[in-house]
Amino acid sequence: MRLLERMRKDWFMIGIVLAIAGAKLEPSIGVNGGPLKPEITVSYIAVATIFFNSGLSLKTEELTSALVHLKLHLFIQIFTLAFFPAAIWLFLQLLSITPINEWLLKGLQTVGCMPPPVSSAVILTKAVGGNEAAAIFNSAFGSFLVSKHGLTCLLLLL
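Residues numbered from 1 in each chain as written. Predicted model: local features only at pLDDT ≥ 70, side-chain atom pairs only at ≥ 80, totals over all residues. Heavy atoms only, no water.

Colleague: Can you break down the overall build of the protein residue by residue, with the values?
Modeller: Regarding its fold elements, the protein presents nine helices and zero strands. Starting at the N terminus, the α and β elements of the protein follow one another as α-α-α-α-α-α-α-α-α. The 158 residues of the protein split such that 20% are buried. Sequence separation of 24 or more characterises 60% of the internal contacts of the protein that already satisfy a separation of 6 or more. Carbon and sulfur atoms make up 74% of the accessible area of the protein, which amounts to about 11700 Å² in all. (Helix = DSSP H or I, 4+ residues; strand = E, 2+ residues; numbered from the N terminus. Buried < 20%, exposed > 50% of the residue type's maximum accessible area, 1.4 Å probe, protein only. Contact = heavy atoms within 4.5 Å. Areas by Shrake-Rupley, 256 points an atom, 1.4 Å probe, with all protein chains shown as cover.)

Spelled out as structure tokens, the structure:
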């Protein structure tokens, strides 16, 4: 009986372990063009589901009041899409004089250009009691800017 209670309590962690084990045993299921179609399900359906679930927990008044904080949104977008990539670029300039593999540095540069994951931005903001509506808006808006226009790496290309 205790094992069943423990499994109910830790169902999410058990699910993660099972998903990893399944991916190890049969990796072809999750490849692009495979049965799960991650190029569609991850890119569109998963992101939309995260925003939809996050939006369900918000009151309409909270979301509309969060939209008028233009200085907050401008600060977050500049920090995420300009300051952080610039800081990573400077850090990579220092690392480039070390014997670290060039492709690792390029990978770090690419990751530094990406916006924070949608789920992390919203979940962590909610966990610390932050402005969840502003986090949802900025996460969605930042992801839109990066995916549609590639603005984040503009600074790094100069």
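There is more to say, and it comes next.
Colleague: Can you explain the pattern of salt bridges? Please cite residues and give values.
Modeller: With the rule as written, the count across this model stands at two salt bridges. Residue Arg-6 is joined to Asp-10 by a salt bridge in which the shortest nitrogen-to-oxygen separation is 2.7 Å. We classify Asp-10 as partly exposed; its relative accessible area is 24%. Ionic pairing is found between Glu-102 and Lys-106, a salt bridge with its closest N-O pair at 3.2 Å. Here Lys-106 and Glu-102 lie together in helix α6 (residues 102-113), a separation of four residues that amounts to about one turn. (Salt bridge = Lys/Arg side-chain N within 4 Å of Asp/Glu carboxyl O.)

Colleague: I'd like a description of the packing of helix α5 (residues 70-95) against α6, backed by residues and values.
Modeller: Close contact between α5 and α6 brings their axes to 9 Å; oriented N to C, the two are set at 170°. Comparing the axis directions of α5 and α6 gives the class roughly antiparallel. For α5 against α6, the interelement crossing comes out right-handed. Within the contact between the two elements, α5 uses Phe-84, Pro-85, Ile-88, Trp-89, Leu-92 and Leu-95 and α6 uses Leu-105, Leu-108, Gln-109, Gly-112 and Cys-113. Its residues assigned to classes, the contact of α5 with α6 comprises nine nonpolar, two polar and no charged. (Axes fitted to C-alpha atoms, helices over the stretch in contact; angles between N-to-C directions. Parallel < 35°, antiparallel > 145°, perpendicular 65-115°, else oblique. Left-handed = near helix turned anticlockwise from the far one by under 90°. Nonpolar A, V, L, I, M, F, W, Y, C, P; charged D, E, K, R; others polar.)

Colleague: Residues and numbers for the side chain of His-73, please.
Modeller: Relative to the elements of secondary structure, His-73 occurs in helix α5. Classification of His-73 by relative accessible area gives buried; the value is 6%. For His-73, the side chain forms a polar contact with the side chain of Asn-138, separated by 2.8 Å. Ignoring any residue separated from it by four or fewer positions in sequence, one finds His-73 in contact with Ala-66, Leu-67, Ala-134, Phe-137 and Asn-138. (Polar contact = N/O pair within 3.5 Å; in protein donor to acceptor, adjacent residues only side chain to side chain.)

Colleague: Give me the lowdown on the confidence of the model for the protein, citing residues and values where you can.
Modeller: Mean pLDDT over the protein stands at 80; residues scoring 70 or higher make up 88%. Mean pLDDT across the secondary structure elements of the protein bottoms out at helix α9 (residues 154-157), with 46, and peaks at helix α2 (residues 11-25), with 90. Low pLDDT, under 50, characterises residues 154-158; the stretch is placed with six contacts to residues that sit more than four places away or in other chains. (pLDDT = per-residue confidence, 0-100.)

Colleague: Describe the UniProt feature "transmembrane region" (unreviewed entry) in the protein, naming the residues involved and giving the relevant values.
Modeller: Mapped onto this structure's residue numbering, the UniProt feature "transmembrane region" (unreviewed entry) falls at residues 41-58 and 70-92. In residues 70-92, the share of helix is 100% and the share of strand is 0%. The end C-alpha atoms are 32 Å apart. (UniProt positions renumbered as here; feature names shortened; annotations may be inferred.)

Colleague: Quick rundown of a nonpolar patch on the surface? Include the residues and the values.
Modeller: Where nonpolar side chains cluster on the molecular surface, the patch consists of Trp-11, Phe-12, Met-13, Ile-16, Val-17 and Ile-20 and spans about 670 Å² of accessible area. With respect to the element layout, Met-13 can be found in helix α2. Judged by relative accessible area, which is 51%, Met-13 ranks as exposed. (Patch = residues over 30% accessible without salt bridge, like charges linked within 9 Å, V, L, I, M, F, W, Y side chains within 5 Å.)

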